Amino acid sequence: MDILRPSTAIVATNKTQFTKPWLKPGLCSSFTPLNRNRVFTTLSSSAAETESVEEFDWKDKEWKVFDDTCPHRLAPLSEGRIDQWGRLQCVYHGWCFSASGDCKFIPQAPPDGPPVHTFKKACVAVYPSTVQHEIVWFWPNADPQYQDIILKKKPPYIPVLDDPSFTKLMGTRDIPYGYEVLIENLMDPAHVPYAHYGIMRTRTPKMKADREGGRPLDMSVKKLDVNGFTGEQERGISVFIAPCIFHFSSDLVVDQGNVSETEKVLYYIQFIILLLTICGSRNFNYLFSPGNSRLIWTFPRNFGVWIDNIVPRWMFHIGQDLILDSDLSLLHIEERKIMDMGATDWQKACFVPTKSDALVVGFRRWLNKYAGSKVDWRGKYSGALPPSPPREQLMDRYWYHEVKCKSCNTAYKGLNALEVALQIISIISIGIVAATKHGVMSMVARTTVVSMAIICFAASRWCGLLHLQKFPLP
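All values reported here derive from a predicted model rather than from experimental measurement.

A.B. asks: So what exactly am I meant to see when it comes to the environment of Phe303 here?
C.D. replies: On the secondary structure map, Phe303 appears in the loop between strand S17 (293-298) and helix H4 (307-310). According to the relative accessible area criterion, Phe303 is partly exposed, its value standing at 25%. Considering only alpha carbons, one finds Phe303 and Phe166, 137 residues apart in sequence, at a separation of 7.6 Å.

Quick look at the structure:
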């Protein structure tokens, strides 16, 4: 697997690997808040022998990927900041590093003493990185021989993500189950009519055997090797780019009205998933490890592009969150049952007799053959799953998504502010009516003010309900 691969996004502190080097991505969109005084961590789920942190060099306007360890006393650099000279400053003792990882300033070193900041041990490893498809990718080896690796090898390229005629909103969500279950679930269209009933629309068969309309699916795996495989299914092709990109594309013929069959317009919709396994979080007291992963998704399409220009991004994210919520508990429990039986005995434990499971079986074959059936945590973790949290905590999407997403976080705060403002207006309106003497304000005016107070109060309660339903409190 001698090419750049993605593995996780936006948070890092630990070491994991499959069997080959992966390149790591981190979203550089609204999901990574470009705050001038913040350091942004990225992924760490690879063959890298080090831990990594991603930060934005405001001087050079480039993304850089550093080890998440200060050489002084091993404090996490991800807790630091970018100072006024564009240097990465450790928050513990103020040591400063340039974009190349060289130590530029040690406050505790006397100016007239030896230049200890120039010593090799004072430097931080910086990894080769590049931005593609609005994702930061890095090569997980800081050895000088890989300094120009980005010029020779590139991350997996998906042309439609750079096609201006397509819209391609991205989203991300932390998931309380692991990489293996996440990826096989997204390869499985047969569960959609059941696990996502009433949320996702599916093709209705001519004769429904049950309420949900499940039906046989003709699916098959082609050309499986170390780099992944291609899957064929009705109305589309699936591509698994090992170890963590799943890409489905389908051609849709849309009838434009009174036109002949040959004049129908052909549209394309693609379903692209970046499946990411993360290994650490500094912001949310939530550890990405066995039993936890991160999903980055995008749905490029070349029709209805104007919709994305007028509908807020958070409204699309709400829809995706509802889909992820609807089978989240099932998959969390399923993962534990698979672990109890042993990942290597997956096909013996599970009965998969139909073609609808072809891609899932193909993924497990790839995992067993090229990755030893599981993620190699390099001794950082035993591989055992953490205890299951209460269902309320398991289903709490606030910390899994909203707090990290700029659009959803803004909507969350906006609904909070609007609810409070409406309540204040309601109280003030009632106060005005109560304090005004009879005869000073006409009956029509009183009725109008009272009506406005009632409407504002009702609207504030609606905002509160919407707030709780769409953005559950932590």
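A.B. asks: Would you mind showing me how to read unusual backbone geometry here?
C.D. replies: Cis geometry is adopted by the peptide bond preceding Pro243, which originates at Ala242 and carries an omega value of 5°. Examined against the element boundaries, Pro243 turns out to sit in the loop between strand S14 (236-241) and strand S15 (245-254). Of note, the phi angle at Leu74 is positive, near 65°, even though the residue is not glycine. Looking at where Leu74 falls in the secondary structure, it is placed in the loop between strand S3 (62-67) and strand S4 (81-82). Among the residues examined, Leu74 registers a relative accessible area of 61% and is labelled exposed. Here the phi dihedral of Lys223 falls at roughly 55°; this positive angle occurs in a residue that is not glycine. With respect to the secondary-structure elements, Lys223 resides in strand S12 (residues 220-225). Under the relative-accessibility criterion, Lys223 is labelled exposed at 70%.

A.B. asks: How do you make sense of the pairing of strand S13 (residues 228-233) when you look at a structure like this?
C.D. replies: Summarising the sheet, S12 and S13 pair through 4 bridges and their orientation is antiparallel. Among the inter-strand pairings, Lys222 is bridged to a residue of S13, identified as Thr230. Between the end of S12 and the start of S13, which pair antiparallel, lie 2 residues. Where S13 lies against S14, 6 bridges are found, and the strand directions are antiparallel. Bridging across to S14, Thr230 finds its partner in Val239. Taken together, S13 and the strand that follows it, S14, pair antiparallel across an intervening segment of 2 residues, in which Arg235 is found at a positive phi of about 60°.

The rules we used
- Residues numbered from 1 in each chain as written.
- Predicted model: local features only at pLDDT ≥ 70, side-chain atom pairs only at ≥ 80, totals over all residues.
- Heavy atoms only, no water.
- Helix = DSSP H or I, 4+ residues; strand = E, 2+ residues; numbered from the N terminus.
- Buried < 20%, exposed > 50% of the residue type's maximum accessible area, 1.4 Å probe, protein only.
- Pairing = 2+ DSSP bridges.

Everything listed is a geometric property; what it means functionally is a separate question.
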